[in-house]
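Structural description and commentary
The lines below spell out each chain.
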Amino acid sequence: MDLKVTTLAGEDAGKLTVSDEIFGLDPREDILHRVVRWQLAKRQQGTHQSQSRADVSRTGAKMYRQKGTGRARHSSARAPQFRGGGKAHGPVARSHAHDLPKKVRALGLRHALSAKVKASSLIVVDDLQVNEAKTKVLAEQFAKLGVNNALIIGGSEIDAGFKKAAANLPNVDVLPVQGINVYDILRRGTLVLSKAAVAALEERFK
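Residues numbered from 1 in each chain as written. Predicted model: local features only at pLDDT ≥ 70, side-chain atom pairs only at ≥ 80, totals over all residues. Heavy atoms only, no water.

Under the annotation held in an unreviewed UniProt entry, the protein chain carries the name Large ribosomal subunit protein uL4 and is attributed to Chelativorans composti. In its Sequence similarities (unreviewed entry) section, the UniProt record describing the protein chain reads: "Belongs to the universal ribosomal protein uL4 family." Entered under Subunit (unreviewed entry) in the UniProt record, the comment concerning the protein chain runs "Part of the 50S ribosomal subunit." (UniProt positions renumbered as here; feature names shortened; annotations may be inferred.)

Let us look at the overall build of the protein chain. A tally of regular secondary structure across the protein chain gives seven helices and six strands. Listing each helix as α and each strand as β along the protein chain from the N terminus yields β-β-α-α-α-β-α-β-α-β-α-β-α. Relative to the globule expectation of 17 Å for 206 residues, the C-alpha radius of gyration of the protein chain, 27 Å, shows a markedly less compact shape. In terms of principal-axis extent, the alpha carbons of the protein chain reach across some 95 × 40 × 25 Å. Counting all 206 residues of the protein chain, 37% fall into the buried class. Partitioning the contacts of the protein chain with sequence separation of at least 6, the portion at a separation of at least 24 is 69%. In the protein chain, which carries 34 positive and 20 negative side-chain charges, the distance between the mean positions of the two groups comes to 22 Å. (Helix = DSSP H or I, 4+ residues; strand = E, 2+ residues; numbered from the N terminus. Rg over C-alpha atoms; globule rule 2.2 N^0.38 Å. Buried < 20%, exposed > 50% of the residue type's maximum accessible area, 1.4 Å probe, protein only. Contact = heavy atoms within 4.5 Å. Lys, Arg positive; Asp, Glu negative; His and termini not counted. Charge placed at Lys NZ, Arg CZ, Asp CG, Glu CD.)

Before going further, it helps to spend a moment on helix H4 (residues 135–145). When H4 is considered as a whole, its buried residues turn out to be Leu-138, Gln-141, Phe-142 and Leu-145. Angular distribution of buried residues about the axis of H4 spans 100 degrees; they occupy a single face of the element. Opposite the buried face of H4, by more than 90 degrees, sit the exposed residues Lys-136, Ala-143 and Lys-144. (Arc of directions from axis to C-beta.)

Here the focus is the pairing of strand S5 (residues 172–175). Looking along a regular strand, one sees the side chains alternate between the two faces of the sheet. Of the two faces of S5, only one is covered, namely that formed by Val-172 and Val-174; the face formed by Asp-173 and Leu-175 stays uncovered. Across four bridges, strand S4 (residues 150–153) lies against S5 in parallel orientation. Residue pairing across strands places Ile-152 opposite Val-174, the latter belonging to S5. (Pairing = 2+ DSSP bridges.)

Now for the sheet that holds S5. Reading across the sheet, the six strands line up as S2-S1-S3-S6-S4-S5 and stay open at both edges, with mixed pairing between neighbours. Each end of this open sheet is capped by a strand with a single partner; those strands are strand S2 (12–17) and S5. Adjacent strand axes in the sheet meet at a mean angle of 30 degrees when their direction is disregarded. Of the strands in this sheet, strand S1 (2–6), strand S3 (122–125) and strand S6 (190–194) touch helix H3 (residues 102–118), which is tilted by about 110 degrees from S6. (Axes fitted to C-alpha atoms, helices over the stretch in contact; angles between N-to-C directions.)

Let us look at the nonpolar core. Counting 30 residues, the largest nonpolar core has Phe-23, Leu-113 and Leu-193 as its most contacted members. Looking at which element gives the most residues to this core, the answer is helix H2 (residues 29–43), with five residues. Residues in contact with Leu-193, not counting those within four places in the same chain, are Phe-23, Leu-122, Ile-123, Val-124, Val-125, Ile-153, Ile-180, Val-198 and Leu-201. In this structure, Phe-142, Leu-145, Ile-152 and Ala-165 belong to the second largest nonpolar core, which totals 18 residues. (Core = buried A, V, L, I, M, F, W, Y, C linked by side-chain atoms within 4.5 Å.)

With that settled, the discussion passes to the pattern of salt bridges. Working definition: two side chains of opposite charge can pair if their charged atoms are close together. Across all of its chains, the model carries seven salt bridges by this definition. Across the pair Arg-187 and Asp-173 runs a salt bridge, and its minimum N-O distance is 3.0 Å. Placement of Arg-187 in helix H6 (residues 182–187) and of Asp-173 in strand S5 is noted, with a sequence separation of 14 residues between them. In this structure, Asp-173 engages Arg-188 in a salt bridge whose closest nitrogen and oxygen atoms are separated by 3.0 Å. Of this pair, Asp-173 sits in strand S5 while Arg-188 is found in the loop between H6 and S6, placing the two residues 15 residues apart along the sequence. Judged by relative accessible area, which is 11%, Arg-188 ranks as buried. Connected through salt bridges with shared partners, the residues Asp-173, Asp-184, Arg-187 and Arg-188 form a single ionic network. (Salt bridge = Lys/Arg side-chain N within 4 Å of Asp/Glu carboxyl O.)

All right, on to H2 then. In this model H2 runs 21 Å from its N-terminal to its C-terminal C-alpha over 15 residues, within 8% of the 21 Å that 1.5 Å per residue would give. Inspection of H2 places Ile-31, Leu-32, Val-35, Val-36, Trp-38, Gln-39 and Ala-41 among the buried residues, and these make up the whole buried set. Close packing links the buried residues of H2 with H3 and H6. (Expected span 1.5 Å × (residues − 1).)

Given below as structure tokens:
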């Protein structure tokens, strides 16, 4: 498969041959869903916790005598039906993470890349470097490319000037190639890859 390569200024920079095993698959929503769910579950904090009746600091004495009051029988004031009592079946601090096979994770990334190609939402640029680190200049270049909501993936290291210029652009994320992931690819409208990023992905999935 051949992908068109362009410059940040919107000029033609030739073509790049890529693997059909990475960019030419027929995207499967079920695999993408599994990987995104795994990612979001893994990053969920899980620090929410309520006080159960064992955690509430109240007297353990019987509230009133068992018989003769005409009222229901009660023992502890820590019971959840009373004001100030513990919560029944409340949330507890725990990890929400679950396992997902490594092969499924890798397959999910390939399907996400293929989905962007199929939707014509993938742009390959020759280099992610700017002459001057100014947001206004970069915004004008993105406007020429038709990019306003994008994930930009560079090589192993991102040019400091480019990263600084892109920092103030809304709806634009910049990551090195080792940080590429399915969730970020799908949450942005356009995926922008540098030639170095494409080469790294090809090497990764050999």
